[in-house]
Amino acid sequence: MALPGVGLPETGVHDRTRILVVEDEPEFADLVALWLERSGWEALVVGDGALAAGECHRLRPDLVLLDLGLPNVDGWELLETLRRSTDVPVVLVTARGAEADRVRGLRLGADDYITKPLSFPELVARVETALRRAQGGVFEPTHRPLRCGIVSLEVESHRVEVAGVEVHVTPTEFRLLQHLAEHCDRVVPHRELLETAWGPGYADETHLLQVAIGSLRGKIAVVSSQPVIATVYGLGYRMMSEG
Ligand code: CA
C-alpha cells in the first residue's frame, strides 16, 4: 500500500483490469457492467459523455467501451479527444447497420466496434481480444529501430518516422506498419496482416484492413509523396524500400 503523499495517485494503480463504460442509459450500462464484472474485470460507468475524457484521465482504465449514442455530446469529438491523450484501446458501440459510422470510428483510432442490440458474449469476446492486443500478446517488443525505406519504427515507444518526420499512428496502425516493415519488400497476405494487427478470428475482416491501410497512406502522404505501401491485388500489401 502506498504511503499518503508518496505513492502514485490512488486511482492510477489497480490490480484488476479496469474497463470504463461510457453509456448514458443507466439500466443498459448496469447490464454491460454486470457482464464485464462476471468476466473478472472491474467495470466503471460514466453516464455523461462530457465527463468521459476527464474520467478516463483520472481512472486510467485498460479499455474504454464508448457508446456513440450519447445525448448532448459529439461521440466523434470524444473519440478524437481520447486518441490525442491516450493509447487506451477503445471499442465503439454503434447502431446496427451504420457501416459509415464504423469506418469513421476505425479511421479515428477506435480498435474495434460492436453493434446494438448487443450480444453480451460477443461483447466479452471483443473486449478480451482488444485487451490481449493492447497487452502486447501479438508482437515481440524490441529495442532497435526497425527500418524499411523511408519508414523507421521505434517499437518500444511506438514512434514512427517517415523521411525523418514523426507521424502519429494508432496502436493498430503501428502493428500493421511493424509487420509490414519486418517483411520489407515482401508481399504480406491480407489474412496474416489481420491476424497480426487485430488477432486470431479477424482473418476475414478485410474491411478493417482496407480502412487502416487507407488511413496510414493518408498520414504518410502528408510528409512524403513517395509511395510506401503497395497494393498487390488479390494477395496483400508490400512495404517498399524504394519508391
Ligand atoms: Ca446510449
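So, about the packing of aromatic side chains. Under the definition given, this model contains two aromatic pairs. With 6.3 Å between their ring centres and 45 degrees between their planes, F28 and F120 make a pair best called tilted. Of this pair, F28 sits in helix α1 (residues 26-38) while F120 sits in helix α5 (residues 120-134); the two residues are 92 residues apart in sequence, bridging distant segments of the chain. Classification of F120 as buried rests on a relative accessible area of 14%. Geometrically, the ring pair formed by W35 and F120 is stacked, given 5.4 Å between the ring centres and 15 degrees between the ring planes. Taken together, the residues span a long stretch of sequence, with W35 in helix α1 and F120 in helix α5 at a distance of 85 residues. Here a set of aromatic residues connected by ring pairs shows up, and it is made of F28, W35 and F120. When the ring centre of W35 is taken as origin, the NZ or CZ atom of R38, which lies over that ring, is 4.6 Å away. The side chain of R133 reaches across the aromatic face of Y202, ending 5.5 Å from its centre.

Here the calcium ion is held by the protein donor atoms E23 (OE), D24 (OD), E25 (OE), D67 (OD) and G69 (O), which lie 2.2 to 2.8 Å from it. For the calcium ion, the donor residues sit on a single chain with the sequence spacing E-D-E-x41-D-x1-G. Here E23 is found in the loop between β1 (18-22) and α1, whereas its partner D67 is found in strand β3 (residues 63-67), with 44 residues between them in sequence. Under the relative-accessibility criterion, E23 is labelled buried at 3%.

Analysis parameters
- Residues numbered from 1 in each chain as written.
- Predicted model: local features only at pLDDT ≥ 70, side-chain atom pairs only at ≥ 80, totals over all residues.
- Heavy atoms only, no water.
- Phe/Tyr/Trp six-rings, centres within 6.5 Å; stacked < 30°, edge-to-face > 60°.
- Helix = DSSP H or I, 4+ residues; strand = E, 2+ residues; numbered from the N terminus.
- Buried < 20%, exposed > 50% of the residue type's maximum accessible area, 1.4 Å probe, protein only.
- Lys NZ or Arg CZ within 6 Å of the ring centre and 35° of its normal.
- Donors = N, O, S within 2.8 Å, 3.2 Å for Na, K, Ca; no water.

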